[in-house]
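Structure at a glance
Each chain, written out:
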Amino acid sequence: MTNATIVAGHRYVLRVLYKDIEANNFQFTHTYEVIATSTSTADLAAAFMAKINKHVSRRVDASIYAGVKASKAIGGITFEAVNAGAAGNDITV
């Protein structure tokens, strides 16, 4: 949601795709829907987190992580990580 433009009153949908059922040759999805109450991405993320964690039969737990991009200046050139892996060890610059 880093560069998202949120419009209050608009409907936003998050679809979780599960591929862990090997007995079936199909994908299972669950859709979560919220209406934005403000233009804040943090508010929208919090609304999705609350909706997901309230779902009794959920197969995932939602949390919010506001990551900080790593950067390093070498020889007057600044490098900034644009993508970090889940463990923080896969970084694209």
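Residues numbered from 1 in each chain as written. Predicted model: local features only at pLDDT ≥ 70, side-chain atom pairs only at ≥ 80, totals over all residues. Heavy atoms only, no water.

A word on the overall build of the chain. Across its full length, the chain carries one helix and six strands. Listing each helix as α and each strand as β along the chain from the N terminus yields β-β-α-β-β-β-β. Residue burial in the chain is summarised as follows: out of 93 residues, 14% are buried. Taking as baseline every contact in the chain between residues at least 6 positions apart, the subset at least 24 positions apart corresponds to 35%. Per element, the accessible surface of the chain, about 7400 Å² overall, is 53% carbon and sulfur. (Helix = DSSP H or I, 4+ residues; strand = E, 2+ residues; numbered from the N terminus. Buried < 20%, exposed > 50% of the residue type's maximum accessible area, 1.4 Å probe, protein only. Contact = heavy atoms within 4.5 Å. Areas by Shrake-Rupley, 256 points an atom, 1.4 Å probe, with all protein chains shown as cover.)

Here the focus is the environment of Arg-58. By the secondary structure assignment, Arg-58 is in the loop between helix H1 (41-54) and strand S3 (71-74). Given the relative accessible area of 30%, Arg-58 is considered partly exposed. The spacing of Arg-58 and His-30 is 28 residues in sequence and 8.8 Å in space, taken between C-alpha atoms. When residues no more than four places from it in sequence are discounted, the contact partners of Arg-58 are Tyr-32, Ile-52 and Asn-53. A distance of 2.6 Å separates the side chain of Arg-58 from the backbone oxygen of Asn-53, its partner in a polar contact. (Polar contact = N/O pair within 3.5 Å; in protein donor to acceptor, adjacent residues only side chain to side chain.)

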